[in-house]
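One-letter residues, chain by chain:
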Amino acid sequence: MKNKERHVFLECTECRNRNYTTGKRIRADYKLEKKKFCKFCGKHTPHREKKL
Ligand SMILES: [Zn+2]
């Protein structure tokens, strides 16, 4: 992991499970939101970043 990145969780917006982690540039001031498959919901849902 490069020191210009930090890890964040990607949290399902429906069931709030933290299904993924991803690297994000420290200087990025936007919020990550990605459509990912949630195995708890059994479908693709929007996942939002959460800090570790
Ligand atoms: Zn879910």
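Predicted, not measured: the structure shown is a model, and the values here were computed from it.

Engineer: Break down the overall build of the protein chain for me, with residues and values.
Structural biologist: Helices and strands together make up the secondary structure of the protein chain, namely zero helices and four strands. Counting helices and strands in the order they occur from the N terminus, the protein chain gives β-β-β-β. With the C-alpha coordinates aligned to their principal axes, the bounding extent of the protein chain is approximately 35 × 20 × 15 Å. Put simply, the protein chain has 52 residues, and 8% of those count as buried. Taking contacts inside the protein chain between residues at least 6 apart in sequence as the whole, the part at least 24 apart equals 45%.

Engineer: Account for the sheet that holds strand E2 (residues 18–25), with residues named and values stated.
Structural biologist: Here four strands make up an open sheet; going across it, the order is E2-E1-E4-E3 and the pairing antiparallel. Two strands bound the open sheet, and with one partner strand each, they are E2 and strand E3 (33–38). Averaged over all pairs of adjacent strands, the angle between their axes in this sheet comes to 45 degrees, without regard to strand direction. Pairing geometry for E3 and strand E4 (residues 43–51), over six bridges, is antiparallel. By the bridge assignment, Phe37 is partnered in E4 with His44.

Engineer: Summarise the pairing of E2; cite the residues concerned and give the values.
Structural biologist: Pairing geometry for strand E1 (residues 5–12) and E2, over seven bridges, is antiparallel. Bridging from a neighbouring strand, Val8 pairs with Thr22 of E2. In sequence, E1 turns back onto E2 through a hairpin of five residues, with Arg16 there showing a positive phi of about 70 degrees.

Reading guide: rules and limits
- Residues numbered from 1 in each chain as written.
- Predicted model: local features only at pLDDT ≥ 70, side-chain atom pairs only at ≥ 80, totals over all residues.
- Helix = DSSP H or I, 4+ residues; strand = E, 2+ residues; numbered from the N terminus.
- Buried ≥ 20, exposed ≤ 12 C-beta atoms within 10 Å, placed from the backbone.
- Contact = placed C-beta atoms within 7 Å.
- Pairing = 2+ DSSP bridges.
- Axes fitted to C-alpha atoms, helices over the stretch in contact; angles between N-to-C directions.

All we've got here are geometric facts, nothing functional implied.
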